[in-house]
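Structure at a glance
Each chain, written out:
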Amino acid sequence: MRHTERFFPALFDASAPLILWALYLFGVYAYAAVACDTAFAYTFWSGYAAIKVILLGVTALVVIVLLGILLRAARLLKNSQQGLTTFARVGIAVLGLIGVVWTAVPMLLMTSCIA
Amino acid sequence: MTAPVEATREQLEAAMHKDAPLPNSLPRPAGEIEKLRAVWKTPKGLRFFSSVNNVNIGLLYICTALLFFVLAGILGVMIRAQLALPDSELIAAGTYNQIFTMHGTVMMFLFAIPIVEAIAVYLLPGMLGARDLPFPRLSAYAYWAYTIGGLAFFCTLFFGLAPDGGWFMYPPLTSKEFSPGVNADFWLLGIGFIEISAIAGAIEIIIGILFTRAPGMTLRRMPIYVWSMLVVALMIVFAFPAIIAGTMLLELERAFDWPFFIAARGGDPVLWQHLFWFFGHPEVYIIFLPAAGMVSTMIPTIAQTKLVGYRTIVVALIGVGTLSFGLWAHHMFTAGLGAMELNFVSAASMAVAIPTAIQVFGWIATLWRGEVRHSTPMYFLLGFMFIFILGGLTGVMVAVLPFDWQVHDTYFIVAHLHYVLIGGMVFPMFAGLYYWMPLINGNTLSEKLGRWVCGLMFVGFNLTFFPMHIAGLLGMPRRVFTYSADMGWGLWNMLSSIGTVVLVVGIALFFIDVFRLIGKPARRNDNPWQASTMEWLSSEDFSSRSIPQVHSRDPLWDNPQLSKEVEEGRHWLPGAATGGRETLMTSPVRALPTHVQPLPGDSWLPFLAAAGTAAFFLLLTVELVVPAFIGGVIAIVAIIRWLWQVDDKPASELVQVGDHIWLPVGAVGKASHSWWATIIMLIVDATIFSAMLFAYIHVSMLLQVCPPPNAALPQQIWPLLSCGLLLAGSILFEVMRRRSLRMSIAAHRAFQPWLRAGVIVALIFVCVAFAAEFGGHRQAGLDPTAQAWSATVAAMLAWQGFHVLVLALAAGYLLARSWAGQLTPTSRSTFDNIGLMWHYTTLQGCVAAFAVNVLPRMMEF
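Residues numbered from 1 in each chain as written. Chains lettered and ligands numbered in written order. Predicted model: local features only at pLDDT ≥ 70, side-chain atom pairs only at ≥ 80, totals over all residues.

Each helix and strand counted, chain B has 27 helices and four strands in total. Relative to its length of 861 residues, chain B is compact, with a C-alpha radius of gyration of 28 Å against a globular reference of 29 Å. A total of 861 residues make up chain B; the buried ones form 56% of that total. For chain B, the share of sequence-separated contacts (at least 6 apart) that also reach a separation of at least 24 residues comes to 81%. (Helix = DSSP H or I, 4+ residues; strand = E, 2+ residues; numbered from the N terminus. Rg over C-alpha atoms; globule rule 2.2 N^0.38 Å. Buried ≥ 20, exposed ≤ 12 C-beta atoms within 10 Å, placed from the backbone. Contact = placed C-beta atoms within 7 Å.)

Residues and elements named next belong to chain B. Taken domain by domain, chain B holds domain 1 (60-518) and domain 2 (696-859). Spacing between the C-alpha centres of domain 1 and domain 2 amounts to 38 Å. Every contact between the two is made by eleven residues of domain 1 and, on the other side, 14 residues of domain 2. Broken down by class, the residue content of the side of domain 1 that touches domain 2 amounts to six nonpolar, two polar and three charged. (Domains from an automatic or database assignment. Nonpolar A, V, L, I, M, F, W, Y, C, P; charged D, E, K, R; others polar.)

Residue and element names in this part refer to chain B. Orientation of helix α7 (residues 224-256) relative to helix α22 (residues 673-701), taken along the N-to-C sense of each, is 50 degrees, at an axis distance of 8 Å. Classified by the angle between their axes, α7 and α22 sit oblique to one another. Seen from above, α7 lies across α22 with right-handed handedness. Packed against α7, whose contacting residues are V237, F238, P241, A242, I244, A245 and L249, the element α22 presents I680, I683, V684, T687, I688, A691, M692 and A695 at the interface. Considering only residue class, the contact of α7 with α22 consists of 14 nonpolar, one polar and no charged. (Axes fitted to C-alpha atoms, helices over the stretch in contact; angles between N-to-C directions. Parallel < 35°, antiparallel > 145°, perpendicular 65-115°, else oblique. Left-handed = near helix turned anticlockwise from the far one by under 90°.)

Right, let's talk about the environment of M385(B) for a bit. Within the element layout of this structure, M385(B) appears in helix α12 (residues 376-399). Distance in space between the C-alpha atoms of M385(B) and V360(B) is 7.8 Å, their sequence separation being 25 residues.

The next subject is helix α3 (residues 84-109) of chain A. For an α-helix, 3.6 residues make a turn, and residues three or four places apart therefore share a direction. In this model, α3(A) (26 residues) spans 38 Å end to end at C-alpha, consistent with the 38 Å of a helix rising 1.5 Å per residue. Burial of α3(A) is extensive: 19 of the 26 residues sit out of reach of the surface. (Expected span 1.5 Å × (residues − 1).)

Take the confidence of the model for chain A next. In this model, chain A carries a mean pLDDT of 87, and residues with pLDDT of at least 70 account for 91%. Within chain A, no element has a lower average pLDDT than strand β2 (residues 48-49) of chain A, which sits at 84, and none a higher one than helix α2 (residues 50-79) of chain A, at 93. (pLDDT = per-residue confidence, 0-100.)

At the junction of L26(B) and P27(B), the peptide bond is cis and its omega measures out at -5 degrees in the coordinates. As for its position among the elements, P27(B) is in the loop between α1 (9-15) and α2 (32-40). Here the amide bond leading from P171(B) into P172(B) is cis, since omega sits at 10 degrees, within 30 degrees of zero. Counting through the fold element by element, P172(B) comes out in the loop between α5 (136-155) and α6 (183-211). Although it is not a glycine, S46(A) adopts a positive phi angle of roughly 50 degrees. Mapped onto the secondary structure, S46(A) falls in the loop between β1 (44-45) and β2. In this structure, R479(B) takes a positive phi of about 75 degrees despite not being glycine. The residue R479(B) is located in the loop between α16 (447-473) and α17 (490-518) in this model.

On to the interface of chain B and chain A, then. Contact with chain B, which involves 39 residues of that partner, is made by 34 residues of chain A. Sorting the residues of the side of chain B that touches chain A by element identifies α1, α9 (310-323), α10 (339-351) and α11 (353-369) of chain B as the ones contributing at least two each. Counting residues per element, the side of chain B that touches chain A draws most heavily on α10(B), at nine residues. The residue inventory of the side of chain B that touches chain A, partitioned by class, reads 24 nonpolar, nine polar and six charged.

Running from N to C, helix α1 (residues 7-35) of chain A and α9(B) cross one another at 20 degrees; their axes reach a closest spacing of 10 Å. Classified by the angle between their axes, α1(A) and α9(B) sit roughly parallel to one another. Crossing geometry of α1(A) relative to α9(B) is assigned as right-handed. Facing S15(A), L18(A) and A22(A) of α1(A), the residues of α9(B) in contact are I318(B), G319(B) and T322(B).

Next comes the structure, spelled out in structure tokens:
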């Protein structure tokens, strides 16, 4: 009997918040590494470091996406059986959200590229 | 009698229902069990080493990993003997460098990772209810590659040729200039080779877990240890390629003067650190998570209650597995990275404590809820929690940047890493050895002696490693071979050395007990701990007589009759239906039976292939080129012979697995396990290439102008021609493959000459594509020794060339199978899998061409 189950797409879908966190971390890391090495490091917008504004903007965007994923997962959990995958979606979304918010804390504490 | 018909999904679901009768009825046909035993019989004498089934390979694997634990432990004792007193001259400085390098390397690469996979190879089929893992010969190959390579690597110590640059081999110390001998080369080639063996094991584990679970073992009924191994195997797939790429680049630098890591020529030593720690940090969790899985399996048994927070712990495992990849740079806090980047990684390092703590709270809650039985595994688990939590706390401390700047490269870090690794892995491993030892010959290790072992190890460990925190805070740097008496480190070092003696006595007592147990007559394993998981159903070479139907997460607790039913043959596939070795394959989510997969039997081929591969790598290191290539040819011939045997047309199309249930034998396309294994292998391949691409981008970003002044890009026609030809080759191959899918057997046979011609033309396209790319760079004057940018371009080009060579071999193999009439609609895995490799090579070639030719032009803007 040939099965029709799609394990990897389901795994990818459930893990999306953590993958998003990983992309976010690598993204902000790489962006900070490159941008802090250029003249852009000394650019200010309304008194705020431009790099920091961009990083916070990206963070806000990612947090909104993660909140959306979390809401969808919570709704699924509420409306369906309390299975492993529906529960895991919520748990992983919470972990992803904590990861992004926590990773972003240094942006609030640091003034610019140089602490 | 009606002809057998393949079972439908509805029939299977009905047969798997909780209230349905068992799949097979009694009495069973005469001779069924005898035939099963004969098929799976382990050969005697020297031929034992040709056996490939998971029980034998798993045991050999565990024993070898423990041997390396002892050998590396002896090196650790030598280190402590040297450091016990100030101004010691017991060991010369150069020898000491080799000893501490080998201690770390052997512990990490030859003990910690292999034993994790070894235990999984041994336990998983039993836990999953499978007869064996899906690629037994791959397991055997991985084992022999590791053993032969590992032993040869260790023996370099006796000739003064052992690596001496520390277990993470940072350049420029390990560059040709500062490490001119072959010592570092042994590390680079030996470790790269052993990593390949680890990846082979990971592919085996992933496919085994996804496709060989017992019917009804859905994802939410999977034992937590199986979950942990699935996460770990996926981590290996993404983490290990970085070190393989790193070792290749450093070896290319050492052998051919391609200056990837030489700052004066545009390279960057920090690049090595990125590549190494992108593997090295997840590796810590690759070692810890299986141990955590073992702990989550043992604690419910010891407390005789279900695991608290199963679903949360699964989420935590996935969380740790992912978050661990974001922590690589926390080993590089003093490497000069930017302040913002450091803080991001520091925050991520603290975040990983959350999912880790979820597991710890789950264990504590389970112990709290149950009735804890005092036993040696329990004591080891308590020791583990105490030590690991301390290691975790110091981990949070060193995640704080200013603290890390103070203690970086001091004995504080040595203490921290031993608390994490010994606490997080060695103590659970000992608990596991005590717990699962009855599976070997039915006997348990001595409880009385076990408590002594645990007590001595616990006291010895803390006495050895706790003082190192203080020595580190007092400023003692790691890796110094001696110190002056007036530094004030003498007392702490003496305490550490005394602790080592206590630790060694504890470990020695354990081995004495193991030898005592091996001498005892074998008895039937009677599940002495009253565990709930299925590895306790039997300890035969084929796991259990029939493959159990699973209805819960704790099958042995929820169905006390399960063991009897399984042994009577009342569950699935109670005999050797195909007449040979086989296992039942199931779907990855709901574990619905899909087909019966014949498994290859015992053979010397994996051993020969591994010996040949090891010879190739090791002999090349000492520049014995001709014998090295003879080894390489032996390996290739053995692998081709082995592959030739495993894609045969099945003897029968359907076999009976239940009273009224017939399933097909083997599968093709996406239903085939080999198709998925090839996909995972290509993910590994793509990750290696991504690491090279990262090296190229990293080096490019260091430049003021790209390409640098003494380098140039090829004319645009060459990469365009190359990509066009690669795409044409792939399309032609795919057209051939798809056409052959839709044909009857007779038409398929008639199509073979066309198919062969198509494959030859497609191969010509690929070769010409590579020639165009290579020629374009030659014309542009590419000189990999000139500076790092050219070296990274040449490395990607060489990697693509290697793929073209592999495709040429694969195409030759495909043609040979076609000529031999072995390419049929039911035995076409070779064709499908080579197709995947073909398309990957096209994709990689186009991405490399884009990166080299387009990115520098984009950077101009």
